[in-house]
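Fold and contact review
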There are 2 protein chains.
Amino acid sequence: METISENRCFGGVQGVYRHPSKATGCDMTFGLFLPAEAALHPVPLLWYLSGLTCTHENAMTKAGLQAHAAAHGLAVVFPDTSPRGDGVADDPAYDLGQGAGFYVNATQAPWAPHFRMWDYIADDLPRVLFANFALEEDRQAITGHSMGGHGALTMAMGLQDRFASVSAFSPITNPTASDWGRKQFTAYLGPDESTWRAHDATLLLQTGGFDGEMLIDQGSADQFLDLLRPEALAHAMAATRQPGLLRMQKGYDHSYFFISTFAGDHVAFHAQALSR
Amino acid sequence: METISENRCFGGVQGVYRHPSKATGCDMTFGLFLPAEAALHPVPLLWYLSGLTCTHENAMTKAGLQAHAAAHGLAVVFPDTSPRGDGVADDPAYDLGQGAGFYVNATQAPWAPHFRMWDYIADDLPRVLFANFALEEDRQAITGHSMGGHGALTMAMGLQDRFASVSAFSPITNPTASDWGRKQFTAYLGPDESTWRAHDATLLLQTGGFDGEMLIDQGSADQFLDLLRPEALAHAMAATRQPGLLRMQKGYDHSYFFISTFAGDHVAFHAQALSR
């Protein structure tokens, strides 16, 4: 593991690191905020999964999470959203290929060898994190934005008992019924839609849900509402009696200005779940 | 004036606007955060002047000021750092020309026609702001980072009674004695160093100072300490009995991670001064 940069931030350290990943078969870069407490003892870890086109850097510099994480003594990891590099397949579209991993393990050419973001987030990056930093493996929570909100919800439900709590900002809630989903699942997973179900938060709620609280924030003026389908998730949460809440935030859009506005609520929500 | 974008943010609006400027002879772009209160009545205005290479956008997306401004009911304006465009002179160096206006009125070719950032910040942009937004002209404060910290300090002292308070993050404190200053003042103002004095915060303290409180934050691990010369400002503040404080923040560098860490302190400092 290589240190790219470390900056003091809210009494802790905002670092950027690079490591070779077995899951993706290429070097991966991630950001990690460690609060001051991590110098003394291991701290809980909040995962933040980013959306389409993002690298590890966007949320790390624009979401304002560090202030709140420092206040609650939490670490925050900011993974990249896909494998990258010259040897990695890509597509001219912003919503497929590099920057658009969708948190699945691709089974189809040309994506299969590198696009294994599920395994990267579930296994590979945790191994690096817990081996190198003062983090509590048994106290983790997860959040994310848009495609990363989809990732947070599906990984929280797919890896039961891994995360104490899950939240999301304007998540893709029902990708099997959205152009943000059908296109990518067809490309990465192939035409057999039965393989898609494990990657659709709305469908996962109907077959088990999440053993903990969920917090979803969605802007009412989001320019991508038709693709995000919050109504599908709201229906499934209520129909399955999933503990949690979905808040429709009047006038907010899909931007980091929206995320930063509610970042404090989400960190506090996770800190409370992690303190139990 | 043209609206480029408006995003809801912490209950208010983060806007970006473009307008033709008489001072700079070109179109100028600025960011403006208006808190929710501005929908009801005019609000106080905090100026944030940015550093070398920045546009209106960097601090607007990375400094995290909106959270604190919203809490205190303040507006924040994020001006650009220079004139821009195809017809505007430039230099290959990052620290001269576009992105490096240094908040002076250039008198030398090829800079003189457009590089009039002092007049832009002092006269032109205020006219646009107070004509178009619910802002209190008699309640203004100013802050900035690096070159923008220099701008904040020199404009606060040069425009007495304009600003209730001034603060700065890692400011260029003594540009007449720094390579961040001598090079630019020579280019913009010419070799007569007597014309430079009005643009050196340390020298201005010795000839009047600021009628109000100053707050300066400086990281002890700043990679540009030799250029910033905080010791010159500290000496001048103490020697002239200037009310205020300079805080040396252990381990912090020159980045937005530093700014965002102390942004809350600065906004609270200005809010207190503006409430008097």
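Being a predicted model, the structure only gives us computed values, none of them experimental. (Residues numbered from 1 in each chain as written. Chains lettered and ligands numbered in written order. Predicted model: local features only at pLDDT ≥ 70, side-chain atom pairs only at ≥ 80, totals over all residues. Heavy atoms only, no water.)

Right, let's get into the overall build of chain A. Check the secondary structure of chain A and you find nine helices and nine strands. Relative to the compact-globule value of 19 Å for 276 residues, chain A shows a C-alpha radius of gyration of 17 Å, a close match. By its C-alpha atoms, chain A is 50 × 45 × 35 Å across when sized along the principal axes. Going through the 276 residues of chain A one by one, you find that 62% of them count as buried. When contacts within chain A are restricted to residue pairs at least 6 apart in sequence, long-range pairs at least 24 apart make up 71% of them. (Helix = DSSP H or I, 4+ residues; strand = E, 2+ residues; numbered from the N terminus. Rg over C-alpha atoms; globule rule 2.2 N^0.38 Å. Buried < 20%, exposed > 50% of the residue type's maximum accessible area, 1.4 Å probe, protein only. Contact = heavy atoms within 4.5 Å.)

This part takes up the relation of the copies chain A and chain B. The two copies are related by a screw operation: chain A maps onto chain B through 180 degrees of rotation and 0.0 Å of translation along the axis, at an RMSD of 0.0 Å. With respect to symmetry, the two chain copies, as superposed, fit the operation of a two-fold axis. Scanning chain A for the C-alpha nearest the rotation axis identifies A:Lys62, at a separation of 2.5 Å. A share of 100% of interface residues in chain A that are also interface residues in chain B marks the association as one of identical surfaces. (Least-squares fit on C-alpha atoms with pLDDT ≥ 70 in both.)

This brings us to the pattern of salt bridges. Side chains that carry opposite charge are capable of pairing whenever their charged atoms lie near each other. Residue and element names in this part refer to chain A. One pass over the structure, following the stated rule, counts 18 salt bridges over all chains. A salt bridge links Asp265 to Arg247; the shortest N-O distance between them is 2.8 Å. Here Asp265, found in helix H9 (residues 256–274), pairs with Arg247, found in strand S9 (residues 244–249); they are 18 residues apart in sequence, far enough to count as distant. Residue Asp265 is classed as partly exposed on the basis of its relative accessible area of 38%. Judged by its relative accessible area of 23%, Arg247 is partly exposed. (Salt bridge = Lys/Arg side-chain N within 4 Å of Asp/Glu carboxyl O.)

Right, let's get into the packing of aromatic side chains. Enumeration according to the criterion identifies 28 aromatic pairs over all chains in this entry. Residues A:Trp111 and A:Phe115 carry aromatic rings whose centres are separated by 5.1 Å and whose planes lie at 85 degrees to one another, so their mutual orientation is edge-to-face. A:Phe115 carries the same exposure label as A:Trp111, and that label is buried. Their ring planes at 90 degrees and their centres at 5.5 Å tell us that B:Trp111 and B:Tyr188 sit as a pair that is edge-to-face. Of the two residues, B:Trp111 is situated in the loop between strand S5 (75–79) and helix H3 (117–132) and B:Tyr188 in helix H5 (residues 182–189); the sequence distance between them amounts to 77 residues. (Phe/Tyr/Trp six-rings, centres within 6.5 Å; stacked < 30°, edge-to-face > 60°.)

Turning to the side chain of A:Gln249, a few remarks are in order. Residues and elements named next belong to chain A. Residue position: Gln249 is located in strand S9. Exposure remark for Gln249: the relative accessible area of 14% places this residue in the buried category. Non-local contacts of Gln249, meaning those with residues more than four positions away in its chain, are made with Asp217, Gln218, Gly219, Ser220, Phe258 and Phe262.

To continue, consider the pairing of strand S3 (residues 26–34) of chain B. All names here are of chain B. Among the nine residues of S3, eight are classified as buried, and the element is accordingly described as predominantly covered. Across nine bridges, the pairing between strand S2 (residues 12–21) and S3 is antiparallel. By the bridge assignment for S3, Tyr17 is matched with Phe30. A loop of four residues connects S2 with S3, the two strands running antiparallel in sequence, and Gly25 in this loop sits at a positive phi of about 65 degrees. The pairing of S3 with S5 spans four bridges and is classified as antiparallel. Bridge pairing in S5 links Gly31 to Phe78. (Pairing = 2+ DSSP bridges.)

With that settled, the discussion passes to unusual backbone geometry. Cis geometry marks the peptide bond from A:Ala109 to A:Pro110; its omega dihedral reads 0 degrees. As for its placement among the helices and strands, A:Pro110 is situated in the loop between strand S5 (75–78) and helix H3 (117–132). Although it is not a glycine, B:Phe102 sits at a positive phi angle of roughly 60 degrees. Mapping B:Phe102 onto the fold places it in the loop between S5 and H3. Among the residues examined, B:Phe102 registers a relative accessible area of 0% and is labelled buried.

Let us now look at the confidence of the model for chain A. Put simply, chain A has an average pLDDT of 97, and 100% of its residues get 70 or more. What the predictor reports for the complex is a pTM of 0.92 with an ipTM of 0.87. (pLDDT = per-residue confidence, 0-100.)

What follows deals with the side chain of A:Asn105. Residue and element names in this part refer to chain A. Mapped onto the elements, Asn105 comes out in the loop between S5 and H3. Within the structure, Asn105 has its side chain in polar contact with the backbone nitrogen of Trp118 (distance 3.5 Å). Among the polar contacts listed, one links the side chain of Asn105 to the side chain of Asp119, at a separation of 2.9 Å. Residue contacts for Asn105: discarding those within four places in its chain leaves Phe115, Arg116, Met117, Trp118, Asp119 and Leu189. (Polar contact = N/O pair within 3.5 Å; in protein donor to acceptor, adjacent residues only side chain to side chain.)

Before going further, it helps to spend a moment on the packing of helix H2 (residues 65–72) of chain B against helix H9 (residues 256–274) of chain B. Residue and element names in this part refer to chain B. As a packed pair, H2 and H9 sit with axes 9 Å apart at the nearest point and diverge in direction by 30 degrees. Taken together, H2 and H9 sit at an angle that is classed as roughly parallel. Between H2 and H9 the crossing geometry is right-handed. Residues Leu65, His68, Ala69 and His72 of H2 form the contact with H9, whose own contacting residues are Ala263, Gly264, Val267, Ala268 and Ala271. Of the residues contributing to the contact of H2 with H9, the split by class is six nonpolar, three polar and no charged. (Axes fitted to C-alpha atoms, helices over the stretch in contact; angles between N-to-C directions. Parallel < 35°, antiparallel > 145°, perpendicular 65-115°, else oblique. Left-handed = near helix turned anticlockwise from the far one by under 90°. Nonpolar A, V, L, I, M, F, W, Y, C, P; charged D, E, K, R; others polar.)

So, on to the interface of chain A and chain B. On the side of chain B, 20 residues touch chain A, which itself brings 20 residues to the contact. Taking both sides of the interface into account, the surface hidden between chain A and chain B amounts to around 1,600 Å²; carbon and sulfur atoms contribute 60%. Broken down residue by residue, the surface that chain A buries against chain B is led by A:Arg8, A:Phe10 and A:Phe257, which jointly contribute 41%. If you look at where chain A meets chain B, you find zero salt bridges. Where chain A packs against chain B, one counts six residue pairs in polar contact (both at pLDDT 80 or more). For the side of chain A that touches chain B, a count of residues per class yields six nonpolar, nine polar and five charged. (Buried area = accessible area lost by both parts, 1.4 Å probe.)

Once that is clear, we can look at helix H2 (residues 65–72) of chain A. For the α-helix, the turn length of 3.6 residues means that residues three or four positions removed from each other point alike. All names here are of chain A. Considered for burial, the residues of H2 that qualify are Leu65, Gln66, Ala69 and Ala70. One side of H2 carries all its buried residues, which in axial view fall inside an arc of 125 degrees. Positive phi shows up at Gly73, right after H2, with a value of about 70 degrees. (Arc of directions from axis to C-beta.)

Another aspect to go through is the environment of A:Leu32. Residues and elements named next belong to chain A. Along the chain, Leu32 turns up in strand S3 (residues 26–34). Judged by its relative accessible area of 0%, Leu32 is buried. For the pair formed by Leu32 and Thr207, sequence separation is 175 residues and the distance between their alpha carbons is 33 Å. Excluding residues that lie within four positions of it along the chain, Leu32 makes contacts with Val13, Gln14, Gly15, Tyr17, Leu45, Ala75, Val76, Val77, Leu129 and Phe133.

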